[in-house]
Amino acid sequence: MTHQASTQSTQFTQFTQVDDLTPLHDELAALRHRIHQHPELAFAEHETAELVAGKLQEWGYEVTRGIGQTGLVAQLRAGDGSKRLGLRADMDALPIHEDTGLPYASSKPGLMHACGHDGHTAMLLGAAKHLAATRRFSGTLNLIFQPAEERGFDSGGKAMVDDGLFQRFPCDMVFAIHNHPGAPQGDFMMRPGPFLAAGDRVFIKIFGVGGHAARPHLAVDPLVAAAAIVMALQTVVSRNIDPNESAVVTVGRLRSGEALNVIPAEAEIGISVRSFSPAIRALLKERICALVNATAEGYGAKAEISYIEGYPVVDNAAAAVALAGDVAAELVGEDRVKREFPRMMGSEDFAYMLQACPGALVRIGNGPSEGGRGLHNPRYDFHDGNLTVGAAFWSRLAERFLV
Ligand SMILES: [Zn+2]
Ligand SMILES: [Zn+2]
């Protein structure tokens, strides 16, 4: 037998297990609770970003602050591998008044981490510390901490991409995790192709001619026109969209009038529109605008439409989902990984990063959401049990990708 040492590659064979993160659990939980207690709104994540940056520098990462305002990227290289991986966490909170009664509940009235971004940040920090200590990968690791995911428009993920995120920190693939209340804690859910919807918002003003309630023939009633528009809009999905596709048109706002003896001069309609493909998205816009204009005109009123395109579709790359699914299955077992999880009508601004770089968004079960304690609920809380599971997922994904 000859000795094979000369042909030995730098490939690592030992990958992170969930138990490897157990020693970090208390530290990560403390970090998560600290972030939870000090929530910050979109583009105001100064304290959070500073806390994150400080830890990452302490662990040996090269940190670049101020990408997309309060966003930051932490880079770590190991070995001589040429592959580059991006892992994203979001840092912002919501304008919700917390009602959990937890010892680490928000210290700021009207502000709360009600979407678990405190947990997402802590999970990625856990992986950061573990990977810096073990370094069983070969390539470049880019940890992306983004601001303002919840903003709905001109958001943090878009701001980072516009600020040259992937030109300054090129990635071959980029991944994100979001927690998922209602699914068993520590289960993983994903899907190749469109996973989360594009979300657009439409603001409509209907202009009529105000007047006396007793003399309707001398007025043009925008309230009646608005009511007709709301009903007409119900036909967009049912009559214009292929039944094999899916879309949502929800009128979430209808405002007009005050006094009962007055015909108002204006009415306001607000709509949320959701879709999974550019073609359906364009068709929805075309049909909504046509119906609104024609219906208003039919009642002698005039419509002014402001159609604001929000987050694009979260379009997962098949190869990225396959890798994420394998990594998750190796950690928690195939039976706890849903690789073809149904599409969801919510939106995520990680979609902008996926437009610039292939990758995938993965959901991690947060346990039962009893009493409606889902995302954006004042009694919601991230499950601390996921800190080690999520950090192990990130670590193993990096070890499996950066070879
Ligand atoms: Zn949210
Ligand atoms: Zn969220």
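From a predicted model like this one, the values you see are computed outputs, not experimental measurements.

Section: the domain arrangement of the protein chain
- By domain assignment, the protein chain separates into domain 1 (5–196 + 313–401) and domain 2 (198–308).
- Computed from C-alpha atoms alone, the centre-to-centre distance between domain 1 and domain 2 is 39 Å.
- Listed per partner, the contact involves ten residues of domain 1 and ten residues of domain 2.
- Carbon and sulfur atoms make up 60% of the surface buried where domain 1 meets domain 2, a total of about 850 Å² over both sides.
- Among the residues domain 1 hides against domain 2, the three largest losses belong to Val313, Arg343 and Met345. Together they make up 64% of the total.
- Counting across the domain 1 and domain 2 interface gives zero salt bridges.
- Looking at side-chain class alone, the side of domain 1 that touches domain 2 contains seven nonpolar, two polar and one charged residues.

Remarks on the coordination of the zinc ion (ligand 2)
- The protein atoms that coordinate the zinc ion (ligand 2) are Cys115 (SG), His117 (NE2) and His178 (NE2), at distances of 2.1 to 2.3 Å.
- The sequence pattern describing where the donors of the zinc ion (ligand 2) fall on their chain is C-x1-H-x60-H.
- The distance between the zinc ion (ligand 2) and the zinc ion (ligand 1) is 3.1 Å, with cysteine 115 acting as a donor to both metals. Assigned by exposure class, cysteine 115 and histidine 117 land together as buried.

Examining the layout of surface pockets
- Volume-wise, the largest pocket comes out at about 460 Å³.
- The wall of the largest pocket is formed by 21 residues, among which Glu150, Arg274, Tyr311, Ser347 and His376 lie closest to the centre.
- Mapped onto the lining of the largest pocket, the elements with two or more residues apiece are strand E8 (198–207) and strand E12 (266–275).
- Residue classes in the lining of the largest pocket are distributed as five nonpolar, eight polar and eight charged.
- There are two domains that each give the lining of the largest pocket at least three residues, and those are domain 1 (5–196 + 313–401) and domain 2 (198–308).
- Reported here for the second largest pocket is a volume of approximately 260 Å³.

Criteria and thresholds
Residues numbered from 1 in each chain as written. Chains lettered and ligands numbered in written order. Predicted model: local features only at pLDDT ≥ 70, side-chain atom pairs only at ≥ 80, totals over all residues. Heavy atoms only, no water. Domains from an automatic or database assignment. Contact = heavy atoms within 4.5 Å. Buried area = accessible area lost by both parts, 1.4 Å probe. Salt bridge = Lys/Arg side-chain N within 4 Å of Asp/Glu carboxyl O. Nonpolar A, V, L, I, M, F, W, Y, C, P; charged D, E, K, R; others polar. Donors = N, O, S within 2.8 Å, 3.2 Å for Na, K, Ca; no water. Buried < 20%, exposed > 50% of the residue type's maximum accessible area, 1.4 Å probe, protein only. 1 Å grid on protein atoms, 1.4 Å probe; cavity = no way out; pocket = protein on both sides within 12 Å on 5 of 7 lines; lining within 4 Å. Points joined across faces, edges and corners; volume = space filled by probe spheres on them. Helix = DSSP H or I, 4+ residues; strand = E, 2+ residues; numbered from the N terminus.

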